[in-house]
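What follows is the residue order along each chain.
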Amino acid sequence: MTLQTGKTYSGFVLEKHAHIAEINSDVYLFEHEVLGCPLLAIKNSDNNKTFSVAFNTIPTDSTGVAHILEHSVLMGSKKYPVKDVFGEINKGGLMTFLNAMTGSDVTYYPFATRNLKEYFSIMDVYCDVVFNPLIERSTFEQEGWHYHQEEEDGPLTYQGVVFNEMKGAFSDPIRLIFHHIFGGLMPGSTYAHESGGDPANIPDLSYEEFCDFHQEHYHPSNAIFFVYGDAPLEEELGYLQEKFLAAYPKRGIRSTIEEGSQADRPVFITDRYAVDSLDTKEKTFLAVGTHVSTVLDREENAAFQVISNILFNSDGSPLKNAIISSGMCKDFGGFYVSSSCFKTFMVSYLVGSEAEHRDAFLELYQRVLKEMVENGLDHDLVLAEVNKYEFSLREEASKAQRGLDLIGKAMTAIKYGTDPFACLTSDELIRNLRRKALEENYFEELIKKYLLDNQATVTVTLVPDPNKQAETQQAEAERLEAFETTLTKKERRKLIDRTQELMEMQQQPNDVETLSLLPQLTRSDLTSDITFHAAQPSEMFGREVLVNELETNHISYLDIGFDVRCLPVELLPFLDIFGTIITEIGTERLDYRRFAKEIATCTGNFSHSLNTYAKRGEQDSLRPIFWLHLKCLPHYLEQALQLVAEVFTSLSLADRARIREIIGREFAWAEHSAQSEGYSLASSRVFAQLSPAGHYNELFSGVTSYMALKELALNYSSREEQFLTALTTIATTLFNRHNLILAITADSQELGHFAKIGNCLTDGLADSPVNLHQLPPLDIPKSEAFITSAEVVFNVQGANLLPGGQGYNGHFEVLKTYLSRDYLWNSVRQMGGAYGCFVQFSQITGNIAFVSYRDPQVKKTYDAYANMPGVVAGLKIPEKVLQQLVIGTYGNFDPHQSPAAKGATARNEYLSGIDAEYKHRRLAEILDTTVENLRSFAAPFAKMPEKSCRATIGNRKKIESDRSLFDKLTEI
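Within each chain, residue numbers correspond to sequence positions counted from 1 in written order. With the structure being a predicted model, the display of local features is reserved for residues of pLDDT at least 70 and the display and counting of side-chain atom pairs for 80 or more, all residues being used for whole-chain, interface and lining totals. Each side-chain value is worked out from all heavy atoms of the structure, with water and hydrogens disregarded.

1. Points about a negative patch on the surface
Okay, so step 1: Taken together, the side chains of Asp-61, Glu-209, Asp-212 and Glu-216 define an acidic patch exposed on the protein surface.
Okay, so step 2: We count a stretch as a helix when DSSP gives it H or I for four or more residues in a row; a strand needs E for two or more, and each element gets its number in order from the N terminus. Along the chain, Asp-212 turns up in helix 7 (residues 207–217).
Okay, so step 3: Only protein chains enter the accessibility calculation, which uses a 1.4 Å probe; a residue whose area is less than 20% of its type maximum is buried, one above 50% is exposed, and one in between is partly exposed. The class for Asp-212 is partly exposed, based on a relative accessible area of 44%. Exposure above 30% relative accessible area and no salt bridge define the residues that can form patches, which grow by joining like charges within 9 Å and nonpolar side chains of Val, Leu, Ile, Met, Phe, Trp and Tyr within 5 Å. Residue exposure ignores everything except the shown protein chains as possible cover, and the areas themselves are Shrake-Rupley values with a 1.4 Å probe. Basic side-chain nitrogens of Lys or Arg form a salt bridge, by our definition, when they fall within 4 Å of a carboxyl oxygen of Asp or Glu. Asp and Glu count as negative and Lys and Arg as positive, but His and the ends of the chain are not part of the count. A charged residue contributes its charge at one atom only: NZ of Lys, CZ of Arg, CG of Asp or CD of Glu.

2. Description of the pattern of salt bridges
Should their charged atoms come close, side chains of opposite charge can pair.
Okay, so step 1: Scanning all chains against the criterion turns up 64 salt bridges.
Okay, so step 2: The salt bridge involving Lys-283 is made with Glu-671; its shortest N-O contact spans 3.3 Å. Highlighted residues: Lys-283 in the loop between strand 12 (267–274) and strand 13 (284–294) and Glu-671 in helix 22 (residues 656–676), separated in sequence by 388 residues.
Okay, so step 3: The exposure class of Lys-283 is buried, given its relative accessible area of 15%.
Okay, so step 4: We note a salt bridge from Glu-698 to Arg-685, for which the minimum N-O separation is 2.7 Å.

3. A few points about the sheet that holds strand 21 (residues 618–632)
Okay, so step 1: Reading across from one edge, 17-18-22-19-21-20 is the order of the 6 strands in this open sheet, with mixed pairing throughout. Strands with a single pairing partner mark the edges of an open sheet, and in this sheet they are strand 17 (536–540) and strand 20 (605–615). When the angles between neighbouring strand axes are averaged without regard to direction, this sheet yields 25 degrees.
Okay, so step 2: Pairing of strand 19 (residues 556–563) with strand 22 (residues 740–746) involves 6 bridges; the strand directions are antiparallel. Of the residues in strand 22, the one forming a bridge with Phe-562 is Leu-740.
Okay, so step 3: Taken strand by strand, helix 19 (residues 575–582) contacts strand 20 and strand 21, and its axis lies near 150 degrees from that of strand 20. Strand pairing is assigned whenever DSSP detects at least two bridges linking the two strands. Axis definition: a line fitted to C-alpha atoms, limited for helices to the stretch in contact. Angles are taken between N-to-C directions and run from 0 to 180 degrees. We call two residues contacting when some pair of their heavy atoms lies within 4.5 Å.

4. Points about the UniProt feature "domain: Peptidase M16C associated" (unreviewed entry) in the protein chain
Okay, so step 1: UniProt positions are given in the numbering used here, feature names are shortened, and annotations may be inferred rather than shown by experiment. The UniProt record marks residues 462–712 with the feature "domain: Peptidase M16C associated" (unreviewed entry), using the residue numbering of this structure.
Okay, so step 2: The distance separating the terminal C-alpha atoms of residues 462–712 is 25 Å; by composition the span is 50% helix and 20% strand.

5. Some remarks on empty space enclosed by the protein
Okay, so step 1: Cavity means a closed set of points on a 1 Å grid over the protein atoms alone, one where a 1.4 Å probe fits but cannot get out, pocket means an open set with protein on both sides within 12 Å along at least 5 of 7 lines, and lining means a residue has an atom within 4 Å of a point. Grid points are joined across faces, edges and corners, and a volume is the space filled by probe spheres set on the points. Under the defined criterion, the tally for this structure stands at 2 cavities of 30 Å³ or more.
Okay, so step 2: Within this model, the largest cavity holds a volume of roughly 90 Å³.
Okay, so step 3: As for the largest cavity, its lining consists of 16 residues, of which His-146, Gln-159, Gln-506, Gln-830 and Met-831 are closest to the centre.
Okay, so step 4: Of all the elements, helix 17 (residues 489–507) adds the most residues to the lining of the largest cavity, at 3 residues.
Okay, so step 5: Of the domains in this structure, domain 1 (7–171 + 191–256) and domain 4 (783–971) are the two that each give at least three residues to the lining of the largest cavity.
Okay, so step 6: For the second largest cavity, the calculated volume is near 40 Å³.
Okay, so step 7: For the second largest cavity, the full set of lining residues is Met-186, Tyr-191, Ile-257, Glu-259, Phe-342 and Lys-343. Domain start and stop positions are those given by an automatic or database domain assignment.

6. A closer look at the pairing of strand 23 (residues 783–788)
Okay, so step 1: Of all 6 residues in strand 23, 6 are buried; the element is thus mostly enclosed.
Okay, so step 2: Residues Ser-783, Ala-785 and Ile-787 point to one face of strand 23 and Glu-784, Phe-786 and Thr-788 to the other, with burial holding for every one of them.
Okay, so step 3: When strand 23 meets strand 27 (residues 949–955), the two strands line up parallel, connected through 6 bridges. Bridge pairing in strand 27 places Ser-783 opposite Arg-950.
Okay, so step 4: In this structure, strand 23 lies alongside strand 28 (residues 968–971), joined through 4 bridges in parallel fashion. Across the sheet, residue Ile-787 finds its bridge partner in strand 28, namely Glu-971.

7. A short note on helix 32 (residues 879–893)
Okay, so step 1: Given a rise of 1.5 Å per residue, 15 residues ought to cover 21 Å, and the 21 Å separating the end C-alpha atoms of helix 32 matches this to within 8%.
Okay, so step 2: Of all 15 residues in helix 32, 12 are buried; the element is thus mostly enclosed.
Okay, so step 3: Taken residue by residue, helix 32 has Val-881, Leu-882, Gln-883, Gln-884, Leu-885, Val-886, Ile-887, Gly-888, Thr-889, Tyr-890, Gly-891 and Phe-893 as its buried positions.
Okay, so step 4: Each element contacted by the buried residues of helix 32 is listed here: helix 2 (85–91), helix 18 (512–515), helix 29 (810–830), helix 34 (916–927) and helix 35 (931–935). How far a helix is expected to stretch is found by multiplying one less than its residue total by 1.5 Å.

8. Concerning the environment of Ser-748
Okay, so step 1: Looking at the secondary structure, you find Ser-748 in helix 27 (residues 748–757).
Okay, so step 2: A relative accessible area of 48% places Ser-748 in the partly exposed class.
Okay, so step 3: A C-alpha to C-alpha distance of 6.1 Å links Ser-748 and Glu-549, two positions 199 residues apart in sequence.

9. Overview of the packing of aromatic side chains
Okay, so step 1: What counts as a ring pair is set by centres within 6.5 Å for rings of Phe, Tyr and Trp (its six-membered ring), and what kind of pair is set by the plane angle: stacked under 30 degrees, edge-to-face over 60, tilted for all other angles. This structure, assessed with the given rule, holds 59 aromatic pairs.
Okay, so step 2: Taking the centre distance of 5.0 Å and the plane angle of 80 degrees together, the rings of Trp-145 and Tyr-147 count as edge-to-face.
Okay, so step 3: Among the residues examined, Tyr-147 registers a relative accessible area of 23% and is labelled partly exposed.
Okay, so step 4: For the pair Phe-578 and Phe-626, a centre-to-centre distance of 5.8 Å together with 55 degrees between the ring planes defines the contact as tilted. A residue pair is termed long-range when its members are at least 10 positions apart, and Phe-578 in helix 19 and Phe-626 in strand 21 qualify at 48 residues.

10. Observations concerning helix 36 (residues 938–947)
Okay, so step 1: Looking at helix 36, one finds that the buried residues are Ala-938, Pro-940, Phe-941 and Met-944. Buried residues of helix 36, viewed axially, fall in a sector of 160 degrees; they line one side. For helix 36, the exposed residues set more than 90 degrees away from the buried face come down to Lys-943 and Glu-946.
Okay, so step 2: Taken together, the buried residues of helix 36 touch strand 24 (793–800), helix 29, strand 26 (847–853), helix 31 (868–873) and helix 35. Relevant arc is that of directions from the helix axis to the C-beta atoms, nothing else.

Dropping the structure here:
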């Protein structure tokens, strides 16, 4: 179909068309002739078809109305009066992406699928839920907030999914910093409000205001439509027009942002954040936000993304090094905010500081910036960071969700009235940026104009306060008490009855007749003829190499692995920090500054990870591996490999000051992560008790590792010699060719190149015999709780359900889908108010864990876990629901991945003994699943309670209220 500019197609007038060779796509910009809404189509051969509809949702307060509405429209519509439409679709489809997101001034609803039938089906559902939602009062109460009291003598509380989600979000001090920077730089603007919702303000929102917001903002004239991929464009346009847009006879109002005023002089804001410790030393955050420009200037925005790394993030940065070495903080960094709103900002921050350092920090910041501008930026540093930025753009072309990425770029352009076609290209932008950065004083001029000579700044001082959480809880309690005193006995009874009514509604599943209203695929739409990619074991340089030949846009992804069983067990808790140090510290030839510049020049990244592999069918097979990951372009591969080889042969640990700084920085961030998003620590603690693989992971990256890092950071002076000796021992023992395994993902040409030059990695490794160490018995309580300053908790319970994976089959995958997307979704999220819940399971060990995320409950969640054996034993699922679960499980079994992710998956599967024949057998079992197959797992679930371990991390008050559930409480 050839489309002509100016012509109308299904109500859409084609404004512009261009073929963009860089993304190998034809791009069309339409405007609806009646409603005025734009539609951007990016058409190419990608079968991962992507759709999104976005609305300008402009908050006027911090009640989170846009966020609550995003959750709520997905709970049912006029055409699909299904309770929790999103959950039902998510339970049973082939989507590669399905979500909805609220930004500071926009809410958008994207999805992607490789199935054409499903593509139009979900387009129909998504459009109906946004334009014709039910948004009943019960939905507002469940997703937003409501007064909750279950019995006469029970406590009165606030409950709601978004309310609890944002309590978790506001436990993160970084969130507060952003809030103050936006409000300080743009007072009175749209962006001074918290679009996600401030928990203190969410209960101010009424149901009527909530409904009015939808009426005002969810008109097609206030929308932007996006389509991407290989679906027929004429069908997409016709579908939207005939099914939805033709029903609107006239244009509506397009919402616009409130610009407010702009800071024209320095603003200083001081606030507090909660900590659960009296020790507040070196826990202050300092941040500077500077207004730079707007999204309209692409070249300046690209320049500042590079400049932010030059100034704030590179270890070669004079500014970063001056601030770190001053002793004012544990870490200094920053970033450029280029698309969160119309205006753009530079943000820099200090972590692990003190409030009294503020003025000295600002003086040093300005002085060093001025010196850098006057002396000119280091040419090698600029080159390194421009290369790194270009690499990131090159890698974007290989993303699995490329459509989503391109839509995101185009949405920013259309939303703020700039050219969406330009934002989909980058080659010319990079050429100009490279020339101006390296041959002119472009970066220096920008730094001077926008960072040195600019008074539009806000400085935020965020001070730790052990009393803040108690004050917040007290304020909430007083507000609830004030409301409670206004209730008559009859009104109180009505409130309790309403709570019970809401809980009963949440427990009622959709009936088959209602579910049938949703468009669904059937088992006949599925095929078992899937080609699973597998790593090919090969031998190069005398060692095993796992080869993944894939189209990677000429990027080589190299994994260099070492078996850590050669290390004494007492060193394993330091292995993660060892990985951080050796990827930064440099060598005898290169100090850490020069090393950072060379790494950025010739690689896209140099990092580490730790994985433990148990092999299918081999009970005693265990392979814990320390991985080094490298990615680079062809013309830099040899240089990159030589750099890594140099790490192996001449790693330098002589810079004691730098190592001390790294320890302080890493603990500051580890503590921040534990306080705000600590569920991985609880999960690791549970799995540690279930198998040796879990034990290893606990030592690498769990509570054991965290506590070792904490003890080291807080007592570094007395531990330094011992620690440096440990680092040396790890390096000399680990870097041995007998421990080595290699994996590479690249196209055929780059694989051939690696085979010729990769021997430099092995040549420098030791060639001595290796002794393997055994893990000692683990001695930790079965039930533990870890206290942090979070407003919510994360609850994990696990057991060795299927010892050694015996009894595992594809039917269990379907049961897992049911437990995660149905039972836990309903009982822990919808009824309990948690933001999320999911199942973790290893088919090799048979270990399983249930995890709740940003959860307001402790005992109620564990009660839900405890009920699971009865749920499995009594499972009765209509065929329609079972089919839905089978399809959802099938979709997970064939994920849509980038080449890099596909290579990593194949590597992991090879090391776990999972091959294509095994996966096809599991797939056939998934497709043939019956309800009886699901109930057949009742026996192992019945034994689960007596074998279970549990761990909770989070809010002190919630944990202490259910103290009897735990053998031990620990302050993290």
